[in-house]
Amino acid sequence: MPAKLPRSFYCRPTLDVAPDLLGKILVRIKGKTVTSGRIVEVEAYRNADDPASHAYRGLTPRNHLMFGEAGHAYVYFIYGMYFCVNVVTEKAGTAGACLIRALEPLGGIGVMEKRRGIENIHDLGNGPGKLCQAMSIDRALNGEDYLGDTLFLIDDGFSGFRIKRSPRIGIRAGVDKRWRFFIQGNGYVTKNKFNAL
DNA sequence: TATTGGATCGCC
DNA sequence: GCGATCCAATAG
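Throughout what follows, the structure given in this document is the object of discussion. Note that this is a predicted model, so its numbers are computed, not measured. (Residues numbered from 1 in each chain as written. Chains lettered and ligands numbered in written order. Predicted model: local features only at pLDDT ≥ 70, side-chain atom pairs only at ≥ 80, totals over all residues. Heavy atoms only, no water.)

### Quick notes on the protein's contact with DNA strand C
- Around DNA strand C, the neighbouring residues are Arg57, Thr60, Arg62, Phe77, Tyr79, Gly80 and Met81.
- A share of 71% is what sugar and phosphate atoms reach among the atoms of DNA strand C within 4 Å of the protein.
- Here a phosphate oxygen of DNA strand C sits 2.8 Å away from a polar atom, N or O, in the side chain of Arg57.
- Measuring from a base oxygen of DNA strand C, one finds a backbone N or O atom of Tyr79 at 2.8 Å. (Near = heavy atom within 4 Å. Polar contact = N/O pair within 3.5 Å; in protein donor to acceptor, adjacent residues only side chain to side chain.)

### With respect to the protein's contact with DNA strand B
- The environment of DNA strand B is formed by 20 residues, the closest being Tyr76, Tyr79, Asn86, Gly129 and Lys130.
- The share of sugar and phosphate among atoms of DNA strand B within 4 Å of the protein is 60%.
- One of the side-chain nitrogen or oxygen atoms of Arg101 is found 3.3 Å away from a phosphate oxygen of DNA strand B.
- Within the backbone of Pro128, an N or O atom sits 3.2 Å from a phosphate oxygen of DNA strand B.
- Counting residues per element, the ones that place at least two in the surface near DNA strand B are β4 (82-88), β5 (97-107) and α4 (128-134).
- Of the residues contributing to the surface near DNA strand B, the split by class is eleven nonpolar, five polar and four charged. (Helix = DSSP H or I, 4+ residues; strand = E, 2+ residues; numbered from the N terminus. Nonpolar A, V, L, I, M, F, W, Y, C, P; charged D, E, K, R; others polar.)

### Let's talk about the side chain of Arg168
- You can see Arg168 is positioned in the loop between β7 (163-166) and β8 (180-183).
- A relative accessible area of 3% places Arg168 in the buried class.
- A distance of 2.8 Å separates the side chain of Arg168 from the side chain of Asp50, its partner in a polar contact.
- In contact with Arg168, not counting residues within four places along its chain, are Glu43, Ala44, Tyr45, Asp50, Ala52, Gly174, Lys177, Trp179 and Arg180. (Buried < 20%, exposed > 50% of the residue type's maximum accessible area, 1.4 Å probe, protein only. Contact = heavy atoms within 4.5 Å.)

### Focus: the environment of Ile39
- Within the secondary structure, Ile39 sits in strand β2 (residues 33-45).
- Distance from Ile39 to Gly143, taken between C-alpha atoms, is 20 Å for residues 104 residues apart in sequence.
- The residues touching Ile39, leaving out its near neighbours within four places in the chain, are Leu21, Leu22, Gly23, Lys24, Leu26, Ile100, Ala102, Leu103, Leu153 and Ile183.

### Quick word on helix α2 (residues 14-21)
- Of the positions making up α2, those classed as buried are Thr14, Val17, Ala18, Pro19 and Leu21.
- In this structure, the buried residues of α2 make contact with α1 (7-10), β2, β5, β6 (151-154), β7 and β8.
- Phi turns positive one or two residues past the end of α2, at Gly23, with a value near 90 degrees.

### Concerning the pairing of β2
- Counted residue by residue, β2 has eleven buried out of 13 residues, so it is predominantly covered.
- Where strand β1 (residues 25-30) and β2 come together, six bridges link them in antiparallel fashion. Note that in β2 the partner of Val27 across the bridge is Ser36.
- Pairing analysis gives three bridges linking β2 to β8, with the strands arranged antiparallel. In the sheet register, Glu41 faces β8, and the bridge partner there is Phe182. (Pairing = 2+ DSSP bridges.)

Keep in mind these numbers describe shape, not what the thing actually does.
Below you can see the structure in the form of structure tokens.
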């Protein structure tokens, strides 16, 4: 199996890490159950300079992981029923994270279909809430180390794709920032009006 | 202590 | 286009 991404991969500026996450494989191991998928869409969130970021107004009990060591998971609960998972970036003390917005399912597809309650492979990971449901990611994984054995990223050398960017989805503040990155033409990217630009 | 609206999704 | 349904952050 290809090597896990090292701490140094995450400990960089958020806007450098975000596009580099595209094409990497997210692996989730829960007991004996393994699910995995290729990251095809991410969004970057920064600190006090980014009004759309949870870290915009400084450190709170909820967002403190964004200020911590890079390479950990920041998982939060949203809209009363969904979870979203981020990768913490930047050196400790500087807030930053990348939201994983879409995955192309690779391994454990049957398990993911069962968790999602559907069989359309295109709807298993095309959205931050959906992919968390498919990979069984919830509050229990908040703070999890991506260098550990339950949730981690590997690089299988996948490359040659074209990266596109757009404003981030579903936010009001910071729409001037084009900090959503996705793989052009990939069928597992979330649907929205920016994809054709 | 009360209010408000959100880094969503699925159905109308 | 809108409701479901929780809770963090802000205001009072």
